Number of protein chains: 2
Amino acid sequence: MSQTQVHRLGDLQLQILKVLWQRGEASVAEVHEQLPGGADLAHTTIATMLRKMEARGLVTHRANGRTFIYRAAVAEDQVSQGMAEHVLDRLFEGRLADMVSHLLTAREVSRAELTRLEQLIAERKRQS
Amino acid sequence: MSQTQVHRLGDLQLQILKVLWQRGEASVAEVHEQLPGGADLAHTTIATMLRKMEARGLVTHRANGRTFIYRAAVAEDQVSQGMAEHVLDRLFEGRLADMVSHLLTAREVSRAELTRLEQLIAERKRQS
DNA sequence: GCGTTAGTACTACCTTGGTAGTTTGTTGTC
DNA sequence: GACAACAAACTACCAAGGTAGTACTAACGC
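Here's what I pulled together on the structure shown here.

About the criteria used
Residues numbered from 1 in each chain as written. Chains lettered and ligands numbered in written order. Predicted model: local features only at pLDDT ≥ 70, side-chain atom pairs only at ≥ 80, totals over all residues. Heavy atoms only, no water. Near = heavy atom within 4 Å. Polar contact = N/O pair within 3.5 Å; in protein donor to acceptor, adjacent residues only side chain to side chain. Helix = DSSP H or I, 4+ residues; strand = E, 2+ residues; numbered from the N terminus. Nonpolar A, V, L, I, M, F, W, Y, C, P; charged D, E, K, R; others polar. Salt bridge = Lys/Arg side-chain N within 4 Å of Asp/Glu carboxyl O. Buried < 20%, exposed > 50% of the residue type's maximum accessible area, 1.4 Å probe, protein only. 1 Å grid on protein atoms, 1.4 Å probe; cavity = no way out; pocket = protein on both sides within 12 Å on 5 of 7 lines; lining within 4 Å. Points joined across faces, edges and corners; volume = space filled by probe spheres on them. Phe/Tyr/Trp six-rings, centres within 6.5 Å; stacked < 30°, edge-to-face > 60°.

## A word on the protein's contact with DNA strand D
Every one of the 20 residues lining DNA strand D counts as a neighbour, but A:Phe68, B:Gly10, B:Asp11, B:Thr48 and B:Lys52 are closest to it. Each atom of DNA strand D within 4 Å of the protein belongs either to a base or to sugar and phosphate, the latter forming 67%. The side chain of A:Arg51 places a nitrogen or oxygen atom 3.5 Å from a phosphate oxygen of DNA strand D. Here B:Lys52 contributes a side-chain N or O atom positioned 3.0 Å from a base oxygen of DNA strand D. Only α3 (43-55) and β3 (67-72) of chain A together with α1 (11-23) and α3 (43-55) of chain B provide two or more residues apiece to the surface near DNA strand D. Here the residues of the surface near DNA strand D are counted per class, giving five nonpolar, seven polar and eight charged.

Have a look at this one:
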């Protein structure tokens, strides 16, 4: 019984989830306001999307009077990991170093970021 | 003019591309054989998918008699980077360390892999 | 020559993400 | 009590991924 597939989410769904993760709960109107670039979208677009997402088990809602207050039903970590692992496995056969290598050559990474990475890896090495 | 969107490919498309990258060229039947789990799919499924992919600019073909020989029209690096960057940006706001951190906690990573990562980062640091 | 085989082409259907208009119902206000 | 405002529900479309059956056609074997 596949527990809500979290590795294939569209950009809009992701952005909506981000708003919910950040705020805990939000009405359709609040999601709409907080959504980056949400001004371009109709109110009903957000509402429809939220209903679809609820049908897929990504969010839940409770009623507050006639207004629905939505809440994420999947954890941020669950989604982040699900999507990141999906790409890692499908594209790089699970070889993390390959993935990082691609990303390092493809973009600017600050020195601070590199240092953080070094620390992460060193720590992980110590634990194994 | 958006150059073929390479960040949103389905799993089947990806697997087909992998076969083509690996072999250079392949007929529908060859792709079908090489496809992991391809035995579950109908021949026409692969053929249809290839035609759709050609329409999207992902592959091209030449005819060899009555048989079509397909070839990838997008580079592996282009796709890998496109998809990896997409996830990195959408999910982790571009913070590579966050992404790696998630991946490191979510799965087993061999010591050899960790060492390779260290080397990559050290090298990158030297260049900056 | 004729039938079998092995290709592609065409068509069709389902799902999901994305987008939004229209309808219906509730609520609060004058 | 009538009406305006607003929220959700319903309906509708489009694009794309995925899947495959059916139709057409060229080649090959006998």
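From this point, the narrative continues.
## Some points on the pattern of salt bridges
In the structure shown here, the tally under the stated rule is 22 salt bridges over all chains. A salt bridge links B:Arg107 to A:Asp89, with the nearest nitrogen and oxygen atoms 2.8 Å apart. Taken together, the residues span two chains, with B:Arg107 in the loop between α5 (96-106) and α6 (111-127) and A:Asp89 in helix α4 (residues 76-92). As a salt-bridge pair, B:Glu25 and B:Arg71 come within 3.2 Å of each other at their nearest N and O atoms. Here B:Arg71 lies in strand β3 (residues 67-72) and B:Glu25 lies in strand β1 (residues 25-27), a separation of 46 residues in the sequence. Take B:Glu25: its relative accessible area is 23%, and that puts it in the partly exposed class. A relative accessible area of 40% means that B:Arg71 is categorised as partly exposed.

## Points about empty space enclosed by the protein
One pass over the full model with this rule turns up one cavity of 30 Å³ or more. Lining the largest cavity are 19 residues, with A:His7, A:Met83, B:His7, B:Met83 and B:Val87 positioned closest to its centre. Sorting the residues of the lining of the largest cavity by element identifies α1 (11-23) and α4 of chain A together with α1 and α4 (76-92) of chain B as the ones contributing at least two each. Among the elements that line the lining of the largest cavity, the one with the most residues is α4(B), at five residues. The residue makeup of the lining of the largest cavity, split by class, is nine nonpolar, four polar and six charged.

## What about the layout of surface pockets?
In this structure, the largest pocket spans a volume of roughly 220 Å³. A:Leu14, A:Gln15, A:Lys18, A:Pro36 and B:Glu93 are the residues nearest the centre of the largest pocket, which is lined by 13 residues in total. Elements with a contribution of two residues or more to the lining of the largest pocket: α1 of chain A together with α4 of chain B. The dominant element in the lining of the largest pocket, judged by the number of residues it contributes, is α1(A), at seven residues. Along the walls of the second largest pocket sit A:Asp89, A:Arg90, A:Glu93, B:Leu14, B:Gln15, B:Lys18, B:Val19, B:Gln22, B:Arg23, B:Gln34 and B:Pro36, which together make up its complete lining.

## A few points about the packing of aromatic side chains
For any pair of aromatic rings, geometry is given as the distance between the ring centres together with the angle between the planes. Residue and element names in this part refer to chain A. Throughout the structure, instances matching the rule amount to two aromatic pairs over all chains. For the ring pair Phe68 and Tyr70, a centre distance of 6.3 Å and an interplane angle of 65° mean the geometry is edge-to-face. Judged by relative accessible area, Tyr70 falls into the buried class, the value being 3%.

## Looking at unusual backbone geometry
Phi at A:Glu93 takes a positive value of approximately 50°, unusual for a residue other than glycine. Tracing the backbone shows A:Glu93 in the loop between α4 and α5 (96-106).

## What about the protein's contact with DNA strand C?
Residue and element names in this part refer to chain A. In the region of DNA strand C, 22 residues are neighbours, and Asp11, Ala42, Thr45, Thr48 and Lys52 sit closest. Looking at DNA strand C alone, sugar and phosphate atoms form 60% of those within 4 Å of the protein. One nitrogen or oxygen atom from the side chain of Thr44 is found 3.4 Å from a base nitrogen belonging to DNA strand C. Here Thr48 contributes a side-chain N or O atom positioned 2.6 Å from a base nitrogen of DNA strand C.

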